[in-house]
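Observations on chain architecture
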Amino acid sequence: VPDNRVKLIEVGPRDGLQNEKKTIPLQTKIELIERLAKTGVSTVEAGSFVSPKWVPQMANSSDILEHILQQKIQTPGPVSYSFLAPNTKGLENAAAILKQNQGTFTTQLEPPTGVELTPKPSIEVAVFAAATESFSQKNLNCDIQTSLERFKAVIQDAKGLGLRVRAYISVVLGCPFEGFNVEPHKVAEIAADLLESGADEISLGDTTGMGTAPRTSMLLKSLASAGIRTEDIAMHFHDTYGQALVNTAVSLEHGVRTFDSSVGGLGGCPYSPGATGNVATENMIYFMETLGMDTGVDLDAMADIGAWITGELGRANDSTVGKAVLGA
Ligand code: HMG
Ligand code: MG
């Protein structure tokens, strides 16, 4: 893989939509996922097998997974679709659908053969830990240690099914309850535990957008000295304070090549009051291109999707680049 290659994980359909109050029609979500999958992104985070009582907007994630497996979405290359699973119950719900649709997707055990005209989708799951006890209680209803034990079981079961697993750690650069009081060595410890349990990738979430360039650098140095490889790290920036691209630049300097972003800058976290959306994918593509990095993603198509979906939601388009590209 050339060093200027950057992998973008599109989290709009999950992180972007989970906080919307008004129920978004299934058809709109499916159209969003299909359009995103055609832009060249390698992964689309498509839903969440969590409690519908807490996150009602993700309640139809089963229908979305079924759609992905049963309809052959034409994509320029292989696309992986990711679903959050906080516990074995969530994983079992996803696994039941996978079992009913054997042979329609690829896994780590059955990778793509490379000869299909329409590549089969690959499915992965994501668990989500937190760097502070108070955020863990709010988001997961348990302490960090308990969450790590639960995730170990989820990861083992997912691996048994051949699924790739990513593991989020939230509030790594600031917490809505504990402020800047987040210890980089604690983040490193949690990351090491999740990797040890079998996670393929750690996504470091700046949930509140409180991250700054020096703090991002400090965190990544801390992870490196704990022996965590940059290949195993993705960065997940929210743009609440407008620092996401600066922090992205710092992460690139530290060797990170995988980044989460959300079309139109959609998003927010139900457990992080005031947090705005993820860094906009359009801004990310433009920024990477100006640095000579290659995302493989079609900026014009992404800008069109951002304008369309924010219109559907009755929201302002939060992507400055998206608006500029469209002359809007
Ligand atoms: P729990 O321990 O069972 O406790 O679940 P609970 O009281 O929260 O459970 C409530 C109900 O949900 C119970 O049903 C459970 O059975 C049911 P009831 O008995 O009331 O009828 N339940 C489930 N239903 C469907 N699927 C499941 C499931 N699990 C329990 N998987 C748990 C604790 C954390 C699982 C639950 O509270 C939950 O699902 N919460 C939602 C968490 C969430 O989705 N947070 C947002 C995503 S994380 C995020 O956005 C951060 C990220 O973007 C990175 C960043 O920016 O930081 C990833
Ligand atoms: Mg997030």
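Looking up the protein chain in an unreviewed UniProt entry gives the name hydroxymethylglutaryl-CoA lyase, with the organism given as Hapsidospora chrysogenum. Per UniProt, the comment on the protein chain under Pathway (unreviewed entry) is "Metabolic intermediate metabolism; (S)-3-hydroxy-3-methylglutaryl-CoA degradation; acetoacetate from (S)-3-hydroxy-3-methylglutaryl-CoA: step 1/1."

It is worth spelling out the overall build of the protein chain at this point. When helices and strands are counted, the protein chain shows 12 helices and eight strands. Relative to the globule expectation of 20 Å for 328 residues, the C-alpha radius of gyration of the protein chain, 18 Å, shows essentially globular dimensions. Expressed along its principal axes, the backbone C-alpha trace of the protein chain runs to roughly 50 × 45 × 40 Å. Relative to its 328 residues, the protein chain shows a buried fraction of 50%. For the protein chain, contacts bridging at least 24 residues in sequence account for 76% of all contacts bridging at least 6.

To continue, consider unusual backbone geometry. Peptide bonds are mostly trans, and most non-glycine residues show a negative phi. Here Asn141, not a glycine, exhibits a phi torsion of approximately 65°, which is positive. Along the chain, the position of Asn141 falls in the loop between helix 5 (133-140) and helix 6 (144-160). The class of Asn141 is partly exposed, set by 13 C-beta atoms lying within 10 Å. With a phi close to 50°, Val171 is a non-glycine residue in the positive phi region. Note that Val171 resides in the loop between strand 5 (164-170) and helix 7 (184-196). According to the C-beta neighbour criterion, Val171 is buried, with 30 such atoms within 10 Å.

Around ligand 1 there are 26 residues in total, and Val50, Ser51, Gly90, Ser170 and Gly205 lie nearest to it. Among the secondary structure elements, those contributing two or more residues to the shell around ligand 1 are helix 4 (88-100), helix 5 and strand 5. Examining the composition of the shell around ligand 1, we find that three residues originate from one element, helix 4, more than from any other. Here the residues of the shell around ligand 1 are counted per class, giving 11 nonpolar, 12 polar and three charged.

Take the packing of helix 3 (residues 61-70) against helix 4 next. Packing of helix 3 against helix 4 leaves a shortest axis separation of 10 Å and a crossing angle of 30°. Considered as vectors, helix 3 and helix 4 are oriented roughly parallel to each other. Here helix 3 and helix 4 pass one another in a crossing that is right-handed. Counted together, Ser62, Leu65 and Glu66 of helix 3 and Asn93, Ala94 and Ile97 of helix 4 form the full contact between these two elements. Across the contact of helix 3 with helix 4, the residue classes tally to three nonpolar, two polar and one charged.

Turning next to the pairing of strand 4 (residues 122-130). The buried fraction of strand 4 is high, at nine of nine residues. Note that strand 3 (residues 80-84) and strand 4 share five bridges and pair parallel. Looking at the pairing, Ser80 lines up with Ser122 of strand 4. As for the winding sense of the linkage, the β-α-β connection from strand 3 through helix 4 to strand 4 is right-handed. Bridge count between strand 4 and strand 5: seven bridges; the pairing is parallel. Residue pairing for strand 5: Ala129 is matched across the bridge by Ile169.

On the basis of which strands lie adjacent, the closed barrel formed by eight strands has the order 1-2-3-4-5-6-7-8 and parallel pairing. In this sheet, neighbouring strand axes are inclined to one another by 25° on average, regardless of whether the strands run parallel or antiparallel. The strands touched by helix 3 within the sheet are strand 2 (43-48) and strand 3, with strand 2 carrying the most contacts at an inclination of about 140°. Here helix 5 sits on the sheet in contact with strand 4 and strand 5, set at roughly 130° to strand 4.

Rules behind the numbers
Residues numbered from 1 in each chain as written. Chains lettered and ligands numbered in written order. Predicted model: local features only at pLDDT ≥ 70, side-chain atom pairs only at ≥ 80, totals over all residues. UniProt positions renumbered as here; feature names shortened; annotations may be inferred. Helix = DSSP H or I, 4+ residues; strand = E, 2+ residues; numbered from the N terminus. Rg over C-alpha atoms; globule rule 2.2 N^0.38 Å. Buried ≥ 20, exposed ≤ 12 C-beta atoms within 10 Å, placed from the backbone. Contact = placed C-beta atoms within 7 Å. Near = placed C-beta within 6 Å. Nonpolar A, V, L, I, M, F, W, Y, C, P; charged D, E, K, R; others polar. Axes fitted to C-alpha atoms, helices over the stretch in contact; angles between N-to-C directions. Parallel < 35°, antiparallel > 145°, perpendicular 65-115°, else oblique. Left-handed = near helix turned anticlockwise from the far one by under 90°. Pairing = 2+ DSSP bridges. Right-handed = clockwise from strand over helix to strand, strands pointing away.

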